[in-house]
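# Close look at the chain arrangement
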Amino acid sequence: MSRPGRRRLTVCVVYPDLLGTYGDGGNGLILARRARWRGFDAELVQAPSDRPLPGADVYAIGGGEDGPQVRAATSLAEDGTLARRVGEGAVVLGVCAGFQLLGRSFPDASDRPHDGLGLIDLTTRKGTGVRAVGELVATPAPDAPRAAGGRRLPRLTGFENHGGVSVVGPGARPLARVVRGVGNGGGDGTEGAWSGRVLGTYLHGPVLARNTALADLLLGWALAADDAPVGTVAELEPLDDFEELALRAERLEAVDATRPTGWRAVRGRWRTGR
Amino acid sequence: MTIPSGTRPSGRAGVRAAAACAAVAAVNGLSRALGRGSGTVAGGRVGLALDPGLLGTLATGRRVALVSGTNGKTTTTRLLAAALAGPGGANPVVSNETGANMPAGHVAALAGAPDVPTAVLEVDEGYLGRLLDDTHPEVVVLLNLSRDQLDRIAEVRMLVERWRAALGRVPAPRPGGRGTVVVANADDPMVAFAAGTAPEVRWVGAGQVWHDDAVGCPACGGRIAFPDDGRWACDRCDFTRPGLDAEVVGDELVLADGTRHRIRIALPGQFNRANAGMAAVAALALSAAPADRGPDGGPADVDLVLGRLAAVTEVAGRFSTMTRAGGPVRLLLAKNPAGWTAVFDLLDEAPDRATPVVLSVNARTADGLDTSWLWDVPFERLAGRPVVATGDRRLDLAVRLRYAEVSHDVVDGPLAALDHALGCAGPGAGAEFLGNYTAFADLRRAR
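So, here is what we can say about the structure in this document. (Residues numbered from 1 in each chain as written. Chains lettered and ligands numbered in written order. Predicted model: local features only at pLDDT ≥ 70, side-chain atom pairs only at ≥ 80, totals over all residues.)

### Looking at the overall build of chain B
Definition in use: For helices the rule is a DSSP run of H or I covering at least 4 residues; for strands it is a run of E covering at least 2, with both sets numbered from the N terminus onward. Field definition: a residue is buried when 20 or more other C-beta atoms are found within 10 Å of its C-beta, exposed when 12 or fewer are, and partly exposed for counts in between, with C-beta atoms placed from the backbone.
Per the secondary structure count, chain B includes 14 helices and 17 strands. Residue burial in chain B is summarised as follows: out of 447 residues, 53% are buried.

Pasting the structure below:
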């Protein structure tokens, strides 16, 4: 059991003007509210792309279109704050385009590889098939980060909408194994990736609205004592999440009810590598 | 079933088109008889399958106006049709009024009105290029572009590039011939960039409440700044708001010559005054086209055109009022963050915050399957109002409202939700109903 080591927290939504296309700004709001509801002094900062990135404890990066994604990666690399703060222990959640740009490289609009930030050992290329669009369900990998008290994260649920194929390198770990949907799409059945306190996923929804355990894991990392070892998760008092749990249950049930059969199932297995 | 007189193609092509038209009528009649929808799309699909060139054949010989954009298409189409039709529908106009805005819907509408010389067609954003190529419109109205149904429609910048290519192909208007005038909302940089390739554009400052999809410059990737005076500009290249031919200022349409004209419409909200301004400029452009004169045969007058817009009191049920448990319920449709933001502006036009608001959200194919957009909607603005969440995705709404710190109840079924809201509000009180596309249709069917 690890008690929170701090009372103050700054959550930064990175470049909502460029990477705000898919509602992922909700992740920042959810983190700030869940901290504040527990009595922490949490500040939510929307960081536009034309200003220096502010120092923060948690950075939430969302999905966006190809052109803005390239611009965001270039600005973040030039700015340097994100990489520096990660070195100092900041928590990062990247979703979709925001996940891809945390990796080593990703494709630009004309399919040329563009340098990512290299904060996760991940390489993304353009997929050859149709875009991955639909509900995505994934079971956290056995070695995925654990919630406070060593509890395993429950199944992850969200909505994916991307054309990229991401391969997790040896310097990072896949976050979860796909149950439904495509995820990373590289044929190994994985979804998302993590390395230290940097975590990326293809799940929109936004992901933390449907997966409050993941939200509290990120908060637990950020609120752990400064001298605690990496991976320490501060134990937070539970919240009354009956609406989030009802939404989770309803979404998971809806996906279970439409299990693919016939050639769709074959195609799905082929794409996810299961 | 005939095709427009004077334009009937001869020979085998004509036989094929006539057969396809007959099929449209037959399938539509069958579809209606079987009670499977209004039949506007089924017949059109069959017609297009028999003759892929049918839309072009049906449009030949007519004056065509197209209306496209993310929000306000259906309303603007209705307003433009009313402006062109004149009092009592003196000049017949055919329009795809049911909102079937893809080619099958256009075919069905045109095939059902073979001798009507003027067509006003609402066009799905993704089909604008096809409609431009097939129907050779005299006027194209481009309202706005923002995120909507991202699982079905392309991201905004992909759409802009497709519009830009298609609009670059349209012919310029010239005396004695038919060309295309584009009426474009200059306040939306995405529309301005797309329309920039067209040979003739009337730029209207119609306003734009939603800038979040237009910060990245579509021309160079720079950053567009939106100052309070509306003259947006890129910080890197010379892309800036075009000079205006007309501007919607409050409830007035201000023309380039400085004259101000009252916009008197029965529809509520600033976004509808903007739609009215766009429709009026489009009606004038169509009247002034060289092929013939105004809708009454004479030169059209802006006040005359604006006066005709007041005849539109609702659009396929939107903005209409129904009575439930003795209380008036206003029905509002909003499909995406920009639309919901505009409707919240409308709610805030009335000072009273005690009227309950019922929110209904579905995520069926026509709505888009992803509900993430709810997190782009500023639901925080509803704080202090009684709010009830319903629709297929009421749990998504409930979670969003929780994090907006808006207290709410969750009720299954739109009528039960309305009754719950009205019951809380007390006898005689009214309510506002806001639904996205199929949620709105669900309520209209259920009542």
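### Re the nonpolar core
All names here are of chain B. The cut-off we apply is this: Note on terminology: a nonpolar core is a set of buried residues of type Ala, Val, Leu, Ile, Met, Phe, Trp, Tyr or Cys, with members joined through C-beta atoms within 7 Å. Two residues qualify as being in contact provided that their C-beta atoms, derived from the backbone, are within 7 Å of each other.
In terms of nonpolar packing, the biggest core is built from 221 residues, with Leu-80, Val-141, Val-183 and Ala-282 touching the most fellow members. Top element by residues in this core is helix H9 (residues 270-288). It accounts for 12 residues. Excluding residues within four positions of it along the chain, Leu-80 makes contact with Ala-65, Val-67, Val-120, Val-141, Ala-279, Ala-282 and Ala-283.

### Concerning the sheet that holds strand S9 (residues 156-162) of chain A
Residue and element names in this part refer to chain A. We count it as follows: At least two DSSP bridges between two strands are required for those strands to pair. Lines fitted to the C-alpha atoms define the axes, with helices restricted to the stretch that makes contact. Angles between their N-to-C directions range from 0 to 180 degrees.
Read across the open sheet, the nine strands follow the order S2-S1-S3-S4-S13-S12-S11-S8-S9; overall the sheet is mixed. Taken across any chain shown, the strands that pair with only one partner, and hence form the sheet edges, are strand S2 (41-47) and S9. When the angles between neighbouring strand axes are averaged without regard to direction, this sheet yields 25°. As paired elements, strand S4 (residues 91-95) and strand S13 (residues 198-201) share four bridges and run parallel to each other. Each bridged residue has a counterpart across the sheet, and for Gly-94 the counterpart in S13 is Gly-200.

### Concerning the sheet that holds strand S14 (residues 357-360) of chain B
Consider a sheet: its strands pair through backbone hydrogen bonds, and that pairing is either parallel or antiparallel. Residues and elements named next belong to chain B. Spatial strand order, S12-S13-S17-S14-S15-S16: six strands in an open sheet with mixed pairing. The open sheet terminates on both sides in strands that have one partner only, identified here as strand S12 (321-324) and strand S16 (408-410). Taken pair by pair, the neighbouring strands of this sheet meet at an average axis angle of 25°, ignoring direction. Packed on one face of the sheet, helix H12 (residues 394-403) meets S14, strand S15 (387-390) and S16 and runs near 145° to S15.

### Description of the interface of chain A and chain B
Put simply, the rule is: Residue type decides the class: Asp, Glu, Lys and Arg count as charged, Ala, Val, Leu, Ile, Met, Phe, Trp, Tyr, Cys and Pro as nonpolar, and the leftover types, Gly among them, as polar.
In this assembly, 30 residues from chain A lie in contact with 23 residues from chain B. Taken together, the elements giving at least two residues each to the side of chain A that touches chain B come down to helix H1 (25-37), helix H2 (66-79), strand S8 (132-140), S9 and helix H7 (242-257) of chain A. A breakdown of the residues in the side of chain A that touches chain B according to their chemical character gives 11 nonpolar, 11 polar and eight charged.

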